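Okay, here's what each chain looks like letter by letter:
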Amino acid sequence: AVNKELEGKLNKDKPESHKERREREKKERITEKVREKEKAERKEIEKKLEEIRREKMTEYDKAYEEVSDIINSLYTRLKRFFLPERHPKWRKGYSSGQRLDLEKAMQAEADPRYLEKIWERKTIPSKKNYLFSILVDLSASMNDYGKDPTKLKETFKTVVILSEVLDKLGIDFEVIGFSTAFLNDVKKYKNFSGKFGRLTQEDRKRMVEILHDVKSNAFTPTSTATAYASKELQKQAKQIGSKYNFLINLTDGKPNRTSIEDPEEQRKTKEAIEEAQGLGQKLIGIGIGKPDQIYYVKDFYKASIIEEDVKKLPEAFADLLEDMIRHPEKY
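Residues numbered from 1 in each chain as written. Predicted model: local features only at pLDDT ≥ 70, side-chain atom pairs only at ≥ 80, totals over all residues. Heavy atoms only, no water.

Caption draft 1: Spatial organisation of the environment of Thr155. Residue placement: Thr155 occurs in helix 5 (residues 150–169). Judged by its relative accessible area of 1%, Thr155 is buried. Ignoring anything within four residues of it in the chain, the contact list for Thr155 reads Val136, Met142, Leu250 and Ile288. (Helix = DSSP H or I, 4+ residues; strand = E, 2+ residues; numbered from the N terminus. Buried < 20%, exposed > 50% of the residue type's maximum accessible area, 1.4 Å probe, protein only. Contact = heavy atoms within 4.5 Å.)

And the structure:
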């Protein structure tokens, strides 16, 4: 007994016996089988939960899931100039303040006029108010006259991207669909909500209707829609005191009420665009589809993007917006 007791203490590296090895390997096999069974059960549960989740998802949720990476990327890009850092910064040119501007103080020794400008103050940059009106072309060509909904789905994804990014930025916006199938040519999917309006679940639910509102005999009344959206934008801008107002038109074809070539509707559209620009609004035409079919967008809008692939649109949109904010005189 003493021998057996001391054996383990005196020889810690003693190899296991055949019996001990067989028992250990048996336990390991049982443990591995239990682990594999639990793993398979977890996978099955996860699969069922995912099926339930997908069943409960709205068309908006599914579109959001597809473009969530684009939304985050665009938000990160745009917040640099829509949400400038609000840390206090030193500003020069004051008659009193917390810190002396040595350069101006030296100039003041030679010229007393600089005495009114020799101090610096810490100031917090103010947040500017922006407003966006998003027009969505819902004419028959958007789903290829009922033959192919691809273009309409891609346009809807673009609406989701813009809506979610503007919401993240805290910028108020409205979404308006237009076609000759609607009463007075327009339909509101989201209203302006006020100075700090947010995107609600009701708004998202209503916007899903965009996917189902294209009629086979509907034309593209861009002039009426532009005039209407411009009026709504101007009214909201006056209410909150916004000087930075954007009107975006997502479209795939020429303005028309009768045939594809409708000179009268195109003339009225140009007039509506010019009138909106006269109010200080910045208009952006986004042509979605094949370039040879939407080239006209560049003729109508000073600021325009032509893109067939919605995944490439956010980067182009961010570039354009940044340029418009930095160089407003060009637009």
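Caption draft 2: Structural detail: a nonpolar patch on the surface. Side chains of Ile45, Leu49 and Ile52 sit close together on the surface and give an oily, nonpolar patch of about 290 Å² of accessible area. Among the secondary structure elements, Ile52 is positioned in helix 2 (residues 18–56). For Ile52, a relative accessible area of 42% gives the class partly exposed. (Patch = residues over 30% accessible without salt bridge, like charges linked within 9 Å, V, L, I, M, F, W, Y side chains within 5 Å. Areas by Shrake-Rupley, 256 points an atom, 1.4 Å probe, with all protein chains shown as cover. Salt bridge = Lys/Arg side-chain N within 4 Å of Asp/Glu carboxyl O.)

Caption draft 3: Just the sheet that holds strand 4 (residues 130–137), in detail. Strand order across the open sheet formed by six strands is 6-5-4-7-8-9, with mixed pairing between neighbours. Single-partner strands in this sheet number two, and they are strand 6 (186–190) and strand 9 (303–307). For this sheet, the mean angle separating the axes of adjacent strands, direction not counted, is 20°. Looking at chain direction, strand 5 (residues 172–178) and strand 6 are connected through four bridges and run antiparallel. Residue Phe178 lies in a different strand from strand 6, and its bridge partner there is Val186. (Pairing = 2+ DSSP bridges. Axes fitted to C-alpha atoms, helices over the stretch in contact; angles between N-to-C directions.)

Caption draft 4: Representation of the packing of aromatic side chains. What the rule picks out here adds up to seven aromatic pairs. Between Tyr296 and Phe300, the aromatic rings sit 5.3 Å apart at their centres with planes inclined by 80°, giving edge-to-face as the arrangement. Taking relative accessible area as the criterion, Phe300 reaches 10% and is therefore assigned buried. Cluster of aromatic residues (ring-pair linked, three or more members): Phe81, Phe82, Tyr130, Phe132, Tyr244 and Phe246. (Phe/Tyr/Trp six-rings, centres within 6.5 Å; stacked < 30°, edge-to-face > 60°.)

Caption draft 5: Structural context of helix 5. Under the 1.5 Å per step criterion, the end-to-end length of helix 5 is 29 Å for 20 residues, consistent within 8% with the ideal 28 Å. Helix 5 sits mainly inside the fold: 16 of its 20 residues count as buried. Note on helix 5: the residue one or two positions beyond its end, Gly170, has a positive phi of about 75°. (Expected span 1.5 Å × (residues − 1).)

Caption draft 6: Helix 7 (residues 222–240), seen in detail. The terminal C-alpha atoms of helix 7 lie 27 Å apart, and with 19 residues this matches the ideal 27 Å at 1.5 Å per residue to within 8%. All of the buried residues in helix 7 are Thr222, Ser223, Ala225, Thr226, Ala229, Ser230, Glu232, Leu233, Gln236, Ala237 and Ile240. Where helix 7 is buried, its residues contact strand 4, strand 5, strand 6, strand 7 (244–251), helix 8 (263–278) and strand 8 (282–288). Where helix 7 terminates, the next one or two residues include Gly241, which has phi positive at roughly 75°.

Caption draft 7: Fine view of unusual backbone geometry. Unlike most non-glycine residues, Asp144 shows phi in positive territory, near 55°. Inspection of the secondary structure assignment puts Asp144 in the loop between strand 4 and helix 5. Relative accessible area serves as the criterion here: at 37%, Asp144 is assigned to the partly exposed category. A positive phi angle is found at Asn184, which is not glycine, with a value near 60°. With respect to the secondary-structure elements, Asn184 resides in the loop between strand 5 and strand 6. The class for Asn184 is exposed, based on a relative accessible area of 59%.

Any link to function would need more than the numbers given here.
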